[in-house]
Amino acid sequence: MAEQLRMTRRAVVASAALAGAFVPLVNATSSHAEKAAVKVKPADIASLPRVKAELMMPPFVQAHTQKAEGGPKIVEFTMTIEEKKIVIDDKGTEVHAMTFNGTVPGPLMVVHQDDYVELTLINPSTNSMPHNIDFHSATGALGGAGLTLVSPGEKTVLRFKATKAGVFVYHCAPPGMVPWHVTSGMNGAIMVLPREGLSDGKGKDLPYDRVYYIGEQDFYIARDEKGNFKKYPTIGESYADMVAVMRTLTPSYVVFNGAVGALTGDNALKAAVGERVLIVHSQANRDTRPHLIGGHGDYVWQTGKFHNPPDVDQETWFIPGGTAGAALYTFEQPGIYAYVNHNLIEAFELGAAAHFTVTGDWNDDLMTSVMAPSES
Ligand SMILES: [Cu+2]
């Protein structure tokens, strides 16, 4: 623990220029927040109904209605930050992860536009570092990061109004350590649904039967002199080597939901022919380009913001780093589909692939084998 704390100070000092750039901003936004708080009538908040959200482990998503019922609410969330060692492939490659609620990515939070998100963020004393949360869906104070920096043993409560509809990234952003924490797994997404649910922008409702959350993660792991991935007893001891790899901008792994194979084989996503499946996909740090092999994006909000008309009939879509996107597809054939980052090196060599197992009846009209491969 002492070593970890020393490392934390080193990390801050090492990035002093960046930390310095953040400090006045944090202070300024904090004082703005205090002034703004004076204008809020407490009665307005006190009169709103409160509901507790039950977060689920990705790729699964908290139970929710697609259309809002009643007026705006305060939706209460609790997330505990966990620093933990995880294994990210079947060769035993280790990452000292930092996580929201124990998973990479953190859980997909769901509210409706104009609801209030009220998050209790807990940093247990068993952790070694300060953490916070920057919601790309929030307005002010570095997305909340300026108001939520918690040291081990502390907790904080942030409330913000979800004014913009869409899927949005959230991530940790502690002064001087932002990319380290984000590329160690400390990111997730929130879905702010329009109160009337999803639509095509031309008056047609677009409900979904299932929703899955895929968080794409780039990991940066140093190798030893023999070319094997190094292991470290503590997160602090991995820091300097990891930053050196990060600065090459060449990830060691690019994976979905925290590990190679986290969403393939027995862990494949399930669907049936005729089901409308919403796929929420976030990447907090790098660009990505999802593609469903043998299927399409019927309706795609590439940058995830639901009041823009969705693109239709997409083959591959582009999600810029620091963004969540959403794609709606109705499966029309049974079978196993691969859902990949269509930089195929990232998919096949570095891990960015998931599977859908789809049940139902085959449609010969859509595809048939006229002649099976045979000698000519
Ligand atoms: Cu953090």
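Keep in mind it's a predicted model, so treat the numbers as computed, not measured.

Caption draft 1: Expanded view of the coordination of the copper ion. Only His131 (ND1), Cys172 (SG), His181 (ND1) and Met186 (SD) from the protein reach the copper ion as donors, at distances of 2.0 to 2.5 Å. Seen from the copper ion, its four donor atoms lie at angles of 87 to 130°, and the figure they make is tetrahedral.

Caption draft 2: Local environment of unusual backbone geometry. For the bond from Pro58 to Pro59, the omega torsion is 15°, close enough to zero to count as cis. The residue after Val104, namely Pro105, is reached through a cis peptide bond having omega 0°. Of note in this structure, Leu249 is not a glycine but carries a positive phi near 60°. Checked against the element boundaries, Leu249 lands in the loop between helix H5 (235-246) and strand S11 (253-256).

Caption draft 3: Highlighting the nonpolar core. Counting residues in hydrophobic clusters, the biggest one holds 38 residues, and the most contacted among them are Phe77, Met79, Phe100, Met109, Phe135 and Ile190. Listing elements by their share of this core, those giving two or more residues are strand S2 (74-87), strand S3 (94-100), strand S4 (108-112), strand S5 (116-123), strand S7 (154-161), strand S8 (166-171), strand S9 (187-193) and H5. With six residues, the top contributor of residues to this core is H5. The residues contacting Phe135, other than those within four sequence positions of it, are Met109, Leu119, Gly143, Leu158, Phe160, Val169, Tyr170 and Ile190.

Caption draft 4: Representation of the environment of Thr139 in the model. Tracing the backbone shows Thr139 in the loop between strand S6 (134-135) and S7. The exposure class of Thr139 is exposed, given its relative accessible area of 67%. Along the sequence, Thr139 and Thr163 sit 24 residues apart, while their C-alpha atoms lie 8.4 Å from each other.

Caption draft 5: Layout of the pattern of salt bridges. The full count for this structure, using the stated rule, is 13 salt bridges. Glu82 is the salt-bridge partner of Lys84, the closest N and O atoms lying 3.7 Å from each other. Classification of Lys84 by relative accessible area gives partly exposed; the value is 29%. Residue class for Glu82 comes out partly exposed when judged on its relative accessible area of 33%.

Caption draft 6: The arrangement of the sheet that holds strand S13 (residues 276-283) in detail. In space, the six strands of this open sheet follow the order S11-S10-S13-S17-S15-S16, with mixed pairing throughout. Both outer strands of the open sheet, S11 and strand S16 (311-314), are each paired with one neighbouring strand and no more. Adjacent strand axes in the sheet meet at a mean angle of 25°, parallel and antiparallel pairs treated alike. Of the pairings in the sheet, the one linking strand S15 (residues 297-301) to strand S17 (residues 323-330) comprises three bridges and is antiparallel in character. Within the sheet, the bridge partner assigned to Val300 lies in S17 and is Ala327.

Caption draft 7: Spotlight on the sheet that holds S4. With mixed pairing, the four strands of this open sheet are ordered in space as S4-S9-S8-S6. Because the sheet does not close on itself, it has two edges, and the strands there are S4 and S6. Here S8 runs beside S9; their pairing, made up of six bridges, is antiparallel. Within S9, the residue paired with Tyr170 across the bridge is Gly188.

Each value, and the rule that gives it
Residues numbered from 1 in each chain as written. Predicted model: local features only at pLDDT ≥ 70, side-chain atom pairs only at ≥ 80, totals over all residues. Heavy atoms only, no water. Donors = N, O, S within 2.8 Å, 3.2 Å for Na, K, Ca; no water. Tetrahedral: all angles 85-135°; square planar, octahedral: opposite > 155°, others 65-115°. Helix = DSSP H or I, 4+ residues; strand = E, 2+ residues; numbered from the N terminus. Core = buried A, V, L, I, M, F, W, Y, C linked by side-chain atoms within 4.5 Å. Buried < 20%, exposed > 50% of the residue type's maximum accessible area, 1.4 Å probe, protein only. Contact = heavy atoms within 4.5 Å. Salt bridge = Lys/Arg side-chain N within 4 Å of Asp/Glu carboxyl O. Pairing = 2+ DSSP bridges. Axes fitted to C-alpha atoms, helices over the stretch in contact; angles between N-to-C directions.

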